[in-house]
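# Close look at the chain arrangement
Chain by chain, the residues:
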Amino acid sequence: MKIYTKTGDDGTTGLIGNKRVKKSNPRIASYGMVDELNASIGIVLSSKLGKDIHILLTKIQNDLFVVGADLANPDLKNKSNRVTSEMTTYLEKEIDRLEEKLDPITYFILPGGDLVASQIHLARAICRRAETNMVSLSEVETINNLCLIYMNRLSDLLFVVARTINKRKKISDVAWKK
């Protein structure tokens, strides 16, 4: 099977269920941003990480495929490949686990520190943009609301992961100075 099908040459793409829409459709933009986030996490995974962070980010990459599939399927009656509340619960448990070892935040933190931590901060910003785009999509089409909750919690987790990486490398978080 060839990678190119030529079916998108007219500016359309297929959703799950064989419906074709313009590539500019907010639904396509939403799962495209999820794909961008996933790629940014892939860059991070090419670095040396602690085993726990590597396992965590790999699971997130797999879960982001579920988010993308959920967004690509406008038929909410179809329960295949949907974001679940358990996926968000997993993120919350990981946030709690990592935060136990971090100092409380007493100032605003700028993206930075270690290169890998900075890359995680970039992934967090992409995650926020993807979430914002999903909110816009939800204003014009019905989506699985658990996608929004998952992405909101994921951006929190990515923030904590960036702080964890800095701490493990004995690099201070970068404080915002007014």
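Before reading on, note that the structure itself is shown above.
Residues numbered from 1 in each chain as written. Predicted model: local features only at pLDDT ≥ 70, side-chain atom pairs only at ≥ 80, totals over all residues. Heavy atoms only, no water.

Glancing now at the overall build of the chain. A tally of helices and strands in the chain yields five helices and four strands. For the chain, the N- to C-terminal ordering of α and β elements is β-β-α-α-α-β-α-α-β. Projecting the C-alpha coordinates of the chain onto the three principal axes gives extents of approximately 50 × 35 × 30 Å. Within the chain, the proportion of its 178 residues that are buried is 43%. A fraction of 72% describes how many contacts in the chain between residues 6 or more apart in sequence connect residues 24 or more apart. With 27 positive and 21 negative side-chain charges, the chain shows a separation of 4 Å between the mean positions of the two kinds. (Helix = DSSP H or I, 4+ residues; strand = E, 2+ residues; numbered from the N terminus. Buried < 20%, exposed > 50% of the residue type's maximum accessible area, 1.4 Å probe, protein only. Contact = heavy atoms within 4.5 Å. Lys, Arg positive; Asp, Glu negative; His and termini not counted. Charge placed at Lys NZ, Arg CZ, Asp CG, Glu CD.)

This next bit is on the packing of helix α4 (residues 115-140) against helix α5 (residues 145-168). Look at α4 against α5: their axes get within 9 Å of each other, and the N-to-C directions meet at 170°. Taken together, α4 and α5 sit at an angle that is classed as roughly antiparallel. Grouping the amino acids of the contact of α4 with α5 by side-chain chemistry returns 17 nonpolar, five polar and four charged. (Axes fitted to C-alpha atoms, helices over the stretch in contact; angles between N-to-C directions. Parallel < 35°, antiparallel > 145°, perpendicular 65-115°, else oblique. Nonpolar A, V, L, I, M, F, W, Y, C, P; charged D, E, K, R; others polar.)

Attention now goes to the layout of surface pockets. Considering only enclosed or pocket space, the largest pocket measures out at about 160 Å³ in volume. If you trace the largest pocket, you find 13 residues lining it, with Asp-103, Tyr-107, Arg-163, Ser-172 and Asp-173 closest to the centre. Take the lining of the largest pocket: its biggest share by element is three residues, from α5. The class makeup of the residues in the lining of the largest pocket is six nonpolar, three polar and four charged. (1 Å grid on protein atoms, 1.4 Å probe; cavity = no way out; pocket = protein on both sides within 12 Å on 5 of 7 lines; lining within 4 Å. Points joined across faces, edges and corners; volume = space filled by probe spheres on them.)

Evaluation of the coordinates by the stated rule reveals twelve salt bridges. Across the salt bridge formed by Glu-131 and Arg-128, the nearest N and O atoms sit 3.1 Å from each other. A residue pair is termed a helical-turn pair when its members lie 3 or 4 positions apart in one helix, as Glu-131 and Arg-128 do in helix α4 at three residues. What makes Glu-131 buried here is its relative accessible area of 13%. For Arg-128, a relative accessible area of 33% puts it in the partly exposed group. Asp-156 is the salt-bridge partner of Arg-128, the closest N and O atoms lying 3.5 Å from each other. Remark: Asp-156 occurs in helix α5 and Arg-128 occurs in helix α4; sequence separation between them is 28 residues. Counted as one network, the salt bridges with shared partners bring together Asp-52, Glu-94, Arg-97 and Arg-168. (Salt bridge = Lys/Arg side-chain N within 4 Å of Asp/Glu carboxyl O.)

The N-to-C vectors of helix α1 (residues 26-45) and α4 enclose an angle of 170°; their axes lie 9 Å apart at closest approach. By the angle class used here, α1 and α4 are roughly antiparallel. For the pair α1 and α4, the contacting residues are Pro-26, Arg-27, Ala-29, Ser-30, Met-33, Val-34, Glu-36, Leu-37, Ser-40, Ile-41, Ile-43 and Val-44 in the first and Val-116, Gln-119, Ile-120, Ala-123, Ile-126, Cys-127, Arg-129, Ala-130, Asn-133, Met-134 and Leu-137 in the second.

Before going further, it helps to examine the nonpolar core. In this structure, Leu-37, Ile-60, Leu-64, Tyr-150, Met-151 and Leu-154 are the most contacted members of the largest nonpolar core, which totals 46 residues. Of all the secondary-structure elements, those providing two or more residues to this core are α1, α2 (51-71), α3 (85-99), α4 and α5. Those residues in contact with Leu-154, other than ones at most four positions away along the chain, are Leu-37, Ile-60, Leu-64, Leu-91 and Cys-127. (Core = buried A, V, L, I, M, F, W, Y, C linked by side-chain atoms within 4.5 Å.)

To continue, consider the packing of aromatic side chains. On inspection of all chains with the given rule, the structure shows one aromatic pair. Their ring planes at 75° and their centres at 5.6 Å tell us that Phe-108 and Trp-176 sit as a pair that is edge-to-face. Linking Phe-108 in the loop between α3 and β3 (109-110) with Trp-176 in the segment after β4 (174-175), this pair joins segments that are 68 residues apart in sequence. With a relative accessible area of 61%, Phe-108 lands in the exposed category. Assessed through its relative accessible area of 44%, Trp-176 is described here as partly exposed. In this structure, Lys-59 packs its charged tip against the face of Tyr-90, placed 4.9 Å from the ring centre. (Phe/Tyr/Trp six-rings, centres within 6.5 Å; stacked < 30°, edge-to-face > 60°. Lys NZ or Arg CZ within 6 Å of the ring centre and 35° of its normal.)

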